[in-house]
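What the coordinates show
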Amino acid sequence: MNGELTGSDLTRALLKRSDKPIWCAVDDESDEQAMMDHDGNDFTAYIVSFKDGYFYCSCGTPWAYAVPVKISAITQYEVNV
């Protein structure tokens, strides 16, 4: 590994630097699971803190893993409509 922060490690570093809230894909199993499509499950949350081994979203729910993501609108041309 090249020492680059990714996944939940990056989220912890951003929180330590006081970047909040952080839009994240969340899960309780792993970073990889957080990035998978979850039918019928909350997939993203605004993460505002990390304490006692858990990430906490803006509504107070604890998550074991939180991967920072970018959310952007798609354009008509990207979907060929």
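Data block above holds the structure.
This text gives an overview of the structure that appears in the document. It should be emphasised that the depicted structure is a prediction, and the values quoted were computed from it without experimental measurement.

**Quick look at helix α1 (residues 7–16)**
Restricting attention to buried positions, one finds in α1 the residues Gly7, Ser8, Thr11, Leu14 and Leu15. Viewed along the axis of α1, the buried residues span an arc of 115°, placing them on a single side of the element. Buried positions along α1 lie against β1 (22–27), α2 (31–34), β2 (44–51), β3 (54–57) and β5 (65–68). Ser18, located one to two residues past α1, shows a positive phi value of around 75°.

**Re the pattern of salt bridges**
Any two side chains of opposite charge can pair, given that their charged atoms come close. Tallied over the full model, the rule gives 2 salt bridges. Where Arg12 meets Asp9, a salt bridge forms, and the shortest distance between an N and an O atom there is 2.5 Å. Note that Arg12 and Asp9 are positioned in helix α1 at a spacing of 3 residues, about one turn of the helix. Across the pair Arg17 and Asp19 runs a salt bridge whose closest N-O atoms are separated by 2.3 Å.

About the thresholds
- Residues numbered from 1 in each chain as written.
- Predicted model: local features only at pLDDT ≥ 70, side-chain atom pairs only at ≥ 80, totals over all residues.
- Heavy atoms only, no water.
- Buried < 20%, exposed > 50% of the residue type's maximum accessible area, 1.4 Å probe, protein only.
- Helix = DSSP H or I, 4+ residues; strand = E, 2+ residues; numbered from the N terminus.
- Arc of directions from axis to C-beta.
- Contact = heavy atoms within 4.5 Å.
- Salt bridge = Lys/Arg side-chain N within 4 Å of Asp/Glu carboxyl O.

So, to be careful, I would describe these as geometric facts and stop short of saying anything about function.
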